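Here's the letter readout for the chains.
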Amino acid sequence: MNENMNSVLVVDDDPQMRAALKEAVDRMGCSAIVAEDPVHALKTLDNNAVSMIVTDMKMPKMDGLSFIKEARKKLGDLPILVITGYATVENAVDVMKEGVCDYLMKPFSFEALTGKIESIMSRKRNKGRDIISSDEKMKNILQLAGNVASSDMTVLILGESGTGKEMLAQYIHTSSRRSKKPLIAVNCAAIPDNLLESELFGFEKGAFTGAAEKKVGKFELAHGGTILLDEIGEMSSILQAKLLRVLQEKEIDRIGGKQPVPVDVRVIATTNRDLQTEITEGRFREDLYFRISVFPIELPPLRERPDDIEVLAEHFADKFALELNKKVHGFRDEAIDLLKSRAWKGNIRELENVVHRAVLISRDESIGVDDFMMDGSNPQNAAGKGSIKDMEMDLIMKTLENTNGNKTKAARLLGVSVRTIRNKLNGYGKNFPVV
Ligand SMILES: Nc1ncnc2c1ncn2[C@@H]1O[C@H](COP(=O)(O)OP(=O)(O)OP(=O)(O)O)[C@@H](O)[C@H]1O
Ligand SMILES: [Mg+2]
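Residues numbered from 1 in each chain as written. Chains lettered and ligands numbered in written order. Predicted model: local features only at pLDDT ≥ 70, side-chain atom pairs only at ≥ 80, totals over all residues.

1. What about the nonpolar core?
Among the nonpolar cores identified, the biggest contains 74 residues, and Val8, Leu9, Ile53, Ile184, Ile227 and Leu228 are the most heavily contacted of them. Once residues within four sequence positions are removed from consideration, Leu9 is found in contact with Ile33, Ala35, Ala41, Thr44, Leu45, Val50 and Ile53. Core analysis: the second largest hydrophobic core is formed by 20 residues, Ala313, Trp344, Leu351 and Phe372 among them. (Core = buried A, V, L, I, M, F, W, Y, C linked by C-beta atoms within 7 Å. Buried ≥ 20, exposed ≤ 12 C-beta atoms within 10 Å, placed from the backbone. Contact = placed C-beta atoms within 7 Å.)

Here you go:
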């Protein structure tokens, strides 16, 4: 997620249209970065933080749909507004499948354009604010997070997988004075160690064979804003030492760079490892730990906030009913009891997935026990052919297809770790292009 709350990437091959789009965006108080074709646009995305894309569909070098797919691979769920004069129905369906936010048909008025951009941006601003909880511990945590947000203090968010660490990081960023600047997330577990350094700090042209052009690192992209170092416990000790230096000196060294570059970045780190154990076992530097753990916040697992299971389940049911356009309203009592009896190892993400599937399957007004697919206990599963292992492989491969091979997203959808997906794929002897 490279997001700068104010900056919009505009992609159009028609110079007049490009100028008009730029003017509209600029007049809204956002800043437009323009690209005349998708290839140029993808390069721009490597070196700039943007909060949304406005793109034409019919362009030279690459068609709009392929461009959207590529941009998705780079930036996950960044909002995209498509502008087209050639909207055929199939085209619209394909584009919507890629999760495009909205559509605008040529010709359109200035107001129609700014209206769409404004609504997408405000949806985005509100994202992360709706942290749902009726648990006392969680309310204290949110208050604490709100208090620390206004400082520049480094925050370490601890918690099991799926407890809402990234969501809390987003909340801290949006509540801080840096909210108009980018929040850049780096998943230290998903990026191979040899690439992580250049991802974080960038490199100069010619720094090594293959470095044909300079690359700006995430720290520089986050300048003025916040960097989220997700799963910091996975970082190698060499990189840990380099990161420590960055935190102490507030400057970074690009690979092959002649001098350090000053950066003003607030750091939020997350981990689901026990860093104390990692230190004792020599895998995590104690000096770095002291630096990043000045303000630790621990998110309790879902099983320790029983009151939240019901409110979260209701919240997700409403959300998915709306999204999937289904007339589902809440749960039957037995269904809630069943949800409350589970251990939720995958925490809120697992609950979210279970409810998502239930809403999808449900043919009733309220969700019942039969709508849950958990532990392979569902009759639909039993009716399927092949072993549980086959079904699991099928599910993983299908999910990867839906995420264009993006393992981080697939892991998220399935409620497992990226590492699990990688191990499973190795086990199957299959692979997807690394994303
Ligand atoms: N309190 C909450 N209210 C609503 N949604 C929540 C809440 N907490 C978490 N979620 C949702 O649960 C999912 C998992 O949250 P998130 O990605 O923040 O967890 P995480 O701790 O970063 O997980 P991981 O350790 O696997 O990276 C997200 O879809 C998030 O929106
Ligand atoms: Mg996370």
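So that's the structure; there's more coming.
2. Some words on the packing of helix H18 (residues 407-414) against helix H19 (residues 418-428)
At their nearest, the axes of H18 and H19 sit 8 Å apart, and the two run at 105° to each other. The angle between H18 and H19 places the two elements in the roughly perpendicular class. Contact residues: Lys407, Thr408, Ala410 and Ala411 in H18; Val418, Thr420, Ile421 and Arg422 in H19. Of the residues belonging to the contact of H18 with H19, the class tally is 4 nonpolar, 2 polar and 2 charged. (Axes fitted to C-alpha atoms, helices over the stretch in contact; angles between N-to-C directions. Helix = DSSP H or I, 4+ residues; strand = E, 2+ residues; numbered from the N terminus. Parallel < 35°, antiparallel > 145°, perpendicular 65-115°, else oblique. Nonpolar A, V, L, I, M, F, W, Y, C, P; charged D, E, K, R; others polar.)

3. Focus: the environment of Ile33
With respect to the helices, strands and loops of the structure, Ile33 is situated in strand E3 (residues 31-35). For Ile33, a count of 20 C-beta atoms within 10 Å gives the class buried. Along the chain, Ile33 and Val8 lie 25 residues apart, while their C-alpha atoms are 6.1 Å from each other. Apart from residues lying up to four places away in sequence, Ile33 is in contact with Ser7, Leu9, Thr44, Asn48 and Val50.

4. Quick notes on the site of ligand 1
Around ligand 1 sit 16 residues, and of these Ile132, Gly164, Lys165, Glu166 and Met167 come closest. Of all elements in the fold, only helix H7 (165-174) and helix H15 (347-361) reach the threshold of two or more residues within the shell around ligand 1. Of the residues that constitute the shell around ligand 1, the class distribution is 5 nonpolar, 7 polar and 4 charged. (Near = placed C-beta within 6 Å.)

5. Side note on the pairing of strand E14 (residues 266-271)
In terms of burial, E14 is a largely internal element, 6 of the 6 residues being buried. Here E14 shows no split at all, with Arg266, Ile268 and Thr270 on one side and Val267, Ala269 and Thr271 on the other all buried. With 4 bridges joining them, strand E7 (residues 155-158) and E14 adopt parallel strand pairing. Across the sheet, residue Ile157 finds its bridge partner in E14, namely Thr270. Pairing analysis gives 4 bridges linking strand E11 (residues 226-230) to E14, with the strands arranged parallel. Residue Ile227 lies in a different strand from E14, and its bridge partner there is Val267. (Pairing = 2+ DSSP bridges.)

6. Quick look at helix H6 (residues 136-149)
Helical geometry note: an α-helix holds 3.6 residues per turn, so side chains three or four residues apart project in the same direction. Between the first and last C-alpha of H6 there are 20 Å, a value that for 14 residues agrees with the 20 Å anticipated at 1.5 Å per step. Listed as buried for H6 are Ile141, Ala145 and Ala149. Across the axial projection of H6, the buried residues extend over an arc of 75°, all falling on one side. Looking at H6, the residues exposed on the side facing more than 90 degrees away from the buried face are Glu136, Lys139, Asn140, Gln143 and Asn147. The inward-facing, buried residues of H6 abut H7 and strand E15 (295-298). (Expected span 1.5 Å × (residues − 1). Arc of directions from axis to C-beta.)

Everything listed here is a matter of coordinates, which is why it stays silent on function.
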